[in-house]
Amino acid sequence: ASDVYKRQYISNMKSLPDKIRIKDIARLANVSTGTVDRVLHNRGEVSAKSREKVEKVLKEINYQPNIYASALASKKRYTFVTLLPESNEGEYWSDIKKGVDQAAHEFLDLNISVEQIFFNQYDSTSFEKAIETVLKLTPDAVLLAPIFKEQSISLAKQLEIQEIPYVLIDSDMEEIHSLAYFGMDSLQSGYLAAKLLLSDASPNSEIAIFQVYRSGNKGSNQTELRINGFKRYIEEHLPTAKLFSIKIYAQDHTRNLKIIKDFFKQHPHIREAITFNSKVYLITEYLEKMNISGIKFIGYDLLQKNVKALKSGKVNYLLAQRPEIQSYRGMKALCEYKIFKNEIKRKNFMPIDILTSENIDFYLDFQSI
């Protein structure tokens, strides 16, 4: 009888279809399809003998379950939450939102709903209130832009206690244990910005750093990292250069004009300047109003206003970081981890794109600007 079973088993193995079904596994293991289903999905009671027979077959045929089909068939529902700055069309964060929207559309078949929570990126109190909303939703996963460092650490700790996976975009934080990070290498981008800006600078150059003031916070996490990279280059190559930090206010244009006017009155020899966020166009507008020219300027991100400033020669370089891809891949990583149980790479750096007036027309879809 044993020999007959072996011959039949070998025959069954040879006649397996390319796409192996539960009934094929049941036939090989000589058990019911219900038993195979319970073993595959680890539910219900199965005798030790039957489980051993099924697992032996699974190993021999190198069975790979169709996890995607299982997720489609599952009745479990998931809530993914994004915590991002509010924005208008054409701004950096609106491109981040496009990546989220694309992922959310693709998630529909997997019973994943995406709740998007927004905050004022220049007001830490707004961020704190948004955190409260996120936690009340008891999400299954979170995509986070950690603009405000201390508050982001606090949120991360609460998510970790509840074993809720979260992914960071735009800027990384070593102090917490995110599932993954998608974005620029911020330190390296700051170093690169200094190299571009100061390649022909004199050893005793005076350099202006324009920072946008955030209520309740000294600066964004992203800006802090970029500045550290910028300073590292100066320490290595221009140790006698002088840095001046000028704080401006997101909505107070009258105050900003006075601040910049007073600054350049005190420091008329400034020839290099940088801002580490997407507001470079705003600074160039102030300089134009005050008839200040001859400043080599670098900024970040492909806002339409920034691109116009680049093409007109008011900005020498823009560094871009592909915002839509950051958020899209961040959302996909959460799905891969939470739904499909795949391992996720911790650091996922975007290319640091260097854009000039000469190459901007060949980059993405800015030819019409």
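Structure shown above.
Residues numbered from 1 in each chain as written. Predicted model: local features only at pLDDT ≥ 70, side-chain atom pairs only at ≥ 80, totals over all residues. Heavy atoms only, no water.

1. Topic: the environment of Leu282
In this fold, Leu282 is placed in helix H12 (residues 280-289). The exposure class of Leu282 is buried, given its relative accessible area of 6%. Taking the C-alpha atoms as reference points, Leu282 and Asn256, separated by 26 residues in sequence, lie 9.9 Å from one another. (Helix = DSSP H or I, 4+ residues; strand = E, 2+ residues; numbered from the N terminus. Buried < 20%, exposed > 50% of the residue type's maximum accessible area, 1.4 Å probe, protein only.)

2. Remarks on the sheet that holds strand S4 (residues 166-169)
Read across the sheet, six strands follow the order S2-S1-S3-S4-S5-S11 without closing on themselves; strand pairing throughout is parallel. Two strands lie at the open edges of the sheet, namely strand S2 (112-119) and strand S11 (347-349), each paired on one side alone. Within this sheet the neighbouring strands show an average axis-to-axis angle of 15°, counted without direction. Pairing of strand S5 (residues 180-183) with S11, which is carried by three bridges, proceeds in the parallel orientation. Residue pairing in the sheet places Gly183 in a bridge with Phe349 of S11. Against the sheet, helix H7 (residues 124-136) contacts strand S1 (78-85), S2 and strand S3 (141-144), and its axis sits at roughly 160° relative to S2. (Pairing = 2+ DSSP bridges. Axes fitted to C-alpha atoms, helices over the stretch in contact; angles between N-to-C directions. Contact = heavy atoms within 4.5 Å.)

3. So, the packing of aromatic side chains
The way to describe two aromatic rings as a pair is by their centre distance and the angle between their planes. Tallying each qualifying case throughout the model produces 13 aromatic pairs. Aromatic pair Tyr191 and Tyr233: ring centres 5.3 Å apart, planes at 80°, arrangement edge-to-face. Remark: Tyr233 occurs in helix H10 (residues 221-237) and Tyr191 occurs in helix H9 (residues 186-197); sequence separation between them is 42 residues. Accessibility assignment for this pair places Tyr191 and Tyr233 in one class, buried. Pairing Phe263 with Phe264 gives two aromatic rings, centres 5.3 Å apart and planes at 85°, and the pair type is edge-to-face. On the basis of relative accessibility, which here comes to 10%, the residue Phe264 falls in the buried class. Taken together through their ring pairs, the aromatic side chains of Phe119, Phe127 and Phe148 make up a single cluster. The residue whose ring lies beneath Lys76 is Tyr78, and the NZ or CZ to ring-centre distance is 5.0 Å. The ring centre of Tyr300 lies 3.8 Å from the NZ or CZ of Arg226, which sits over that ring. (Phe/Tyr/Trp six-rings, centres within 6.5 Å; stacked < 30°, edge-to-face > 60°. Lys NZ or Arg CZ within 6 Å of the ring centre and 35° of its normal.)

4. Topic: the sheet that holds strand S10 (residues 317-320)
Taken together, the six strands give an open sheet; going across it, the order is S7-S6-S8-S9-S10-S12, and neighbouring strands pair in mixed fashion. The sheet terminates laterally at strand S7 (242-249) and strand S12 (353-355), the two strands that pair on one side only. Averaged over neighbouring strand pairs, the angle between their axes works out to 20° when direction is ignored. Relative to S7, strand S6 (residues 206-213) runs parallel, the two being bridged by eight bridges. Across the sheet, residue Ala208 finds its bridge partner in S7, namely Phe244. Where H9 meets the sheet, it contacts S6, strand S8 (272-275), strand S9 (296-300), S10 and S12, and its direction lies at approximately 160° from that of S9. Lying over the sheet, helix H11 (residues 253-266) contacts S6 and S7, oriented at roughly 160° with respect to S7.

5. Thoughts on empty space enclosed by the protein
A full pass over the atoms with the stated rule returns two cavities of 30 Å³ or more. Computed from the structure, the largest cavity encloses a volume of approximately 170 Å³. Lining of the largest cavity is provided by 17 residues; of these, Trp93, Gln121, Arg214, Asn277 and Ser278 occupy positions nearest its centre. Within the residue set of the lining of the largest cavity, elements represented by two or more residues are helix H6 (92-106) and H10. Per-element tally for the lining of the largest cavity: the top contributor is H10, with three residues. Split by residue class, the lining of the largest cavity holds five nonpolar, seven polar and five charged. (1 Å grid on protein atoms, 1.4 Å probe; cavity = no way out; pocket = protein on both sides within 12 Å on 5 of 7 lines; lining within 4 Å. Points joined across faces, edges and corners; volume = space filled by probe spheres on them. Nonpolar A, V, L, I, M, F, W, Y, C, P; charged D, E, K, R; others polar.)

6. Observations concerning unusual backbone geometry
One non-glycine residue, Thr138, adopts positive backbone phi at about 40°. Mapped onto the fold, Thr138 is located in the loop between H7 and S3. For Arg322, which is not glycine, the phi dihedral falls at a positive 55°.

7. Points about the nonpolar core
Ranked by size, the top nonpolar core spans 80 residues in total, and within it Phe80, Leu83 and Phe210 carry the most contacts. Those residues in contact with Phe210 that sit more than four places away from it in its chain are Ile246, Ile248, Ile260, Phe264, Ala273, Ile274, Thr275, Phe276, Ile283 and Phe297. Core analysis: the next-biggest nonpolar cluster, separate from the first, contains 21 residues, Ala201, Phe230, Leu238 and Ile274 among them. (Core = buried A, V, L, I, M, F, W, Y, C linked by side-chain atoms within 4.5 Å.)

8. Digging into the pairing of S2
Here S1 runs beside S2; their pairing, made up of eight bridges, is parallel. Looking across to S2, one finds that Pro85 is bridged to Phe119. Tracing the backbone out of S1, into H6 and back to the parallel element S2 gives a crossover that is right-handed. (Right-handed = clockwise from strand over helix to strand, strands pointing away.)

9. Focus: the environment of Ser154
Counting through the fold element by element, Ser154 comes out in helix H8 (residues 149-161). The class for Ser154 is partly exposed, based on a relative accessible area of 38%. Here the alpha-carbon distance between Ser154 and Glu128, two residues 26 residues apart in the chain, equals 9.8 Å.

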